[in-house]
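The primary structure of each chain is shown beneath.
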Amino acid sequence: MTVQTPPTEGIKYAGSKLKLLPMILARIRALDGVKTVLDGFSGTTRVSQALAQAGYQVTANDVSPWSEVFAQCYLKASQPDEFYEKILAHLNALPAKDGWFSAHYGGTETDHKKPFRLKNMQKLDAVREEIDRLNLAWPDKCVLLTSLILALDKVDSTLGHFTSYLARWSARSGGDLMLKMPARPPYSPAHEVVRQDIFDVIKSRRWDLAYFDPPYGSNNDKMPSSRVRYNAYYHFWTTVIQNDRPPLFGAAARREDSHDKDNPFESFRRGPNGRFEALNAVDRLLAQTDARYILFSYSSGGRIPREELLDALRAHGKLRAADEIDYQKNVMARLTSTDEWTRRGTNREYLFLIEKGV
């Protein structure tokens, strides 16, 4: 049961739901009376983009600064494309310059364990300074920043994250940084963008359907927890957004504030009740969400075992559907130094639908 999905845009992302979008849309379209949808962990906003194009009123939420920027671009920016295209042409014409990004993230032919070539970091320094100087309204600025991140993602030399870099330059890294107009859904003032802890978002609010794709953590007990923190994986995008020149540490030049932070959904520990803290967080999320339907996606590589997750879902509503999708793991999972365990068996994505109050 799948449907044709509209095109969406995003970056290389460990939790991308690009392949799951047809199933997500099919499940939602089959339900009666669904108009308002919460995308509670929106990430690169591919799901929010698809829902907006399908005509739903979307609330996109994520704690990541770069996710909020994507959501503002695709859901809240109201100017016509021509307005942004003129500015993008101006930014593309700027001469490159040395600056903070080129000093820390730009590599040469001999210094190639960097995420980008020096020429593209010099271009980033010029473009990022100019974006701030233009002093645009926040949604309009987000269109430019989204274009910049999409352009950078096309010329990187990484596995899709920024905790380690390739030993040799990737073929795509030789290209030139070029900003293009993001493909936005038709504008609707009904959409909402928030950047809050999910438990704050769901207080005193109601939606027809809530879609949750929380961070999974890992079910591998030998894997250090720091390897699965999204805050660490994508620290570079945070710096591009904030342009704050933070203190850096380590060979990957990570932001000082990208050290591990407590996230119950990524936790590998067990709580006082003997259950995984991640499962306790999901149970609390299901209980506190005021929505007729909850669509929940998860991975077989996540901390919570499938049957325990199913028990939690059934405890909060009638299970309407339980889909399991097999597909090859993403590039980042296949090429990490922990290859010996990431290739154990087939990666499966789960999609569960419950109706609350039944």
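Above this text is the structure in question.
Here we summarise the structure given alongside this text. Only a predicted model underlies this, so the values are computations on that prediction, with no experimental measurement involved.

Rules behind the numbers
Residues numbered from 1 in each chain as written. Predicted model: local features only at pLDDT ≥ 70, side-chain atom pairs only at ≥ 80, totals over all residues. Heavy atoms only, no water. Helix = DSSP H or I, 4+ residues; strand = E, 2+ residues; numbered from the N terminus. Buried < 20%, exposed > 50% of the residue type's maximum accessible area, 1.4 Å probe, protein only. Contact = heavy atoms within 4.5 Å. Areas by Shrake-Rupley, 256 points an atom, 1.4 Å probe, with all protein chains shown as cover. Polar contact = N/O pair within 3.5 Å; in protein donor to acceptor, adjacent residues only side chain to side chain. Pairing = 2+ DSSP bridges. Axes fitted to C-alpha atoms, helices over the stretch in contact; angles between N-to-C directions. Parallel < 35°, antiparallel > 145°, perpendicular 65-115°, else oblique. Left-handed = near helix turned anticlockwise from the far one by under 90°. Salt bridge = Lys/Arg side-chain N within 4 Å of Asp/Glu carboxyl O. Phe/Tyr/Trp six-rings, centres within 6.5 Å; stacked < 30°, edge-to-face > 60°. Lys NZ or Arg CZ within 6 Å of the ring centre and 35° of its normal.

**Observations concerning the overall build of the chain**
Part 1 of the argument: A count of helical and extended segments in the chain gives 14 helices and 11 strands.
Part 2 of the argument: The proportion of buried residues among the 358 residues of the chain is 56%.
Part 3 of the argument: Restricting the contact set of the chain to residue pairs at least 6 apart, pairs at least 24 apart contribute 75%.
Part 4 of the argument: Approximately 15700 Å² of the chain is accessible, and the part contributed by carbon and sulfur atoms is 48%.

**Some details on the side chain of S173**
Part 1 of the argument: Of note, S173 is situated in the loop between helix 7 (138–153) and strand 5 (192–194).
Part 2 of the argument: Within the structure, S173 has its side chain in polar contact with the side chain of R117 (distance 3.2 Å).
Part 3 of the argument: When neighbours within four sequence positions are excluded, S173 is seen to be in contact with R117, N120, V155, D156 and S157.

**Quick word on the sheet that holds strand 2 (residues 57–61)**
Hydrogen bonds between backbone atoms are what pair the strands of a sheet, whose relative direction is either parallel or antiparallel.
Part 1 of the argument: The strand order across the open sheet formed by 7 strands is 5-2-1-6-9-11-10, and the pairing between neighbours is mixed. With one partner strand each, in any of the chains shown, strand 5 and strand 10 (318–326) form the two edges of the open sheet. For this sheet the average axis-to-axis angle between neighbouring strands, irrespective of direction, equals 15°.
Part 2 of the argument: Bridging between strand 9 (residues 291–299) and strand 11 (residues 348–355) involves 7 bridges; their strand directions are antiparallel. Bridge pairing links F296 to F352 in strand 11.
Part 3 of the argument: Here helix 2 (residues 46–53) sits on the sheet in contact with strand 1 (36–39), strand 2 and strand 6 (207–212), set at roughly 170° to strand 2.

**What to know about the packing of helix 4 (residues 81–92) against helix 7**
Part 1 of the argument: In the contact formed by helix 4 and helix 7, the axes pass within 11 Å of each other and the chain directions differ by 50°. As the angle between them shows, helix 4 and helix 7 are arranged oblique. Crossing angle aside, the handedness with which helix 4 passes helix 7 is right-handed. Contact with helix 4, carried on its side by F83, Y84, I87, L88 and L91, involves D140, V143, L144 and S147 of helix 7 and no other residues of that element.

**Some thoughts on the pairing of strand 6**
Part 1 of the argument: Counting buried residues in strand 6 gives 5 out of 6 residues, a clear majority hidden from the surface.
Part 2 of the argument: Where strand 1 and strand 6 come together, 3 bridges link them in parallel fashion. Across the sheet, L38 pairs through a bridge with A210, a residue of strand 6.
Part 3 of the argument: In terms of strand pairing, strand 6 meets strand 9 through 5 bridges, oriented parallel. Its bridge partner lying in strand 9, L209 is registered against Y293.

**Some details on the pattern of salt bridges**
Part 1 of the argument: Inspection of every chain in the model, using the stated rule, returns 27 salt bridges.
Part 2 of the argument: K17 serves as the salt-bridge partner of E349, at 3.9 Å between the closest nitrogen and oxygen. Residue E349 is found in strand 11, and its partner K17 is found in the segment before helix 1 (21–29); the two are separated by 332 residues along the sequence. For the pair shown, E349 and K17 are each scored as buried.
Part 3 of the argument: The residue R128 makes a salt bridge to D132 at a minimum N-O spacing of 2.8 Å. With R128 and D132 both in helix 6 (residues 118–134) and 4 residues apart, this pair spans about one turn of that helix.

**With respect to unusual backbone geometry**
Part 1 of the argument: In this structure, N135 takes a positive phi of about 55° despite not being glycine.
Part 2 of the argument: Within the element layout of this structure, N135 appears in the loop between helix 6 and helix 7.
Part 3 of the argument: With phi around 50°, R245 is a residue other than glycine that occupies positive phi space.
Part 4 of the argument: A relative accessible area of 55% means that R245 is categorised as exposed.

**Observations concerning the environment of C73**
Part 1 of the argument: Within the secondary structure, C73 sits in helix 3 (residues 65–76).
Part 2 of the argument: On a C-alpha basis, the gap between C73 and T146 in space is 6.8 Å, while along the polypeptide they are 73 residues apart.
Part 3 of the argument: With near-sequence residues (within four places) excluded, C73 lies in contact with C142, V143, T146, P182 and R184.

**Thoughts on the packing of aromatic side chains**
Part 1 of the argument: With the rule as written, the count across this model stands at 21 aromatic pairs.
Part 2 of the argument: Pairing W100 with F101 gives two aromatic rings, centres 5.2 Å apart and planes at 90°, and the pair type is edge-to-face.
Part 3 of the argument: Overall, the relative accessible area of 13% leaves W100 in the buried class.
Part 4 of the argument: Members of the aromatic cluster, connected to one another through ring pairs, are W100, F101, Y105, F116, F162, Y165, F236 and W237.
Part 5 of the argument: The ring of F276 carries the charged tip of R270 above its face, separated from the ring centre by 3.9 Å.
Part 6 of the argument: Between R284 and the ring centre of F199, over which it is positioned, the NZ or CZ distance is 3.7 Å.

The values are spatial; any link to function lies outside them.
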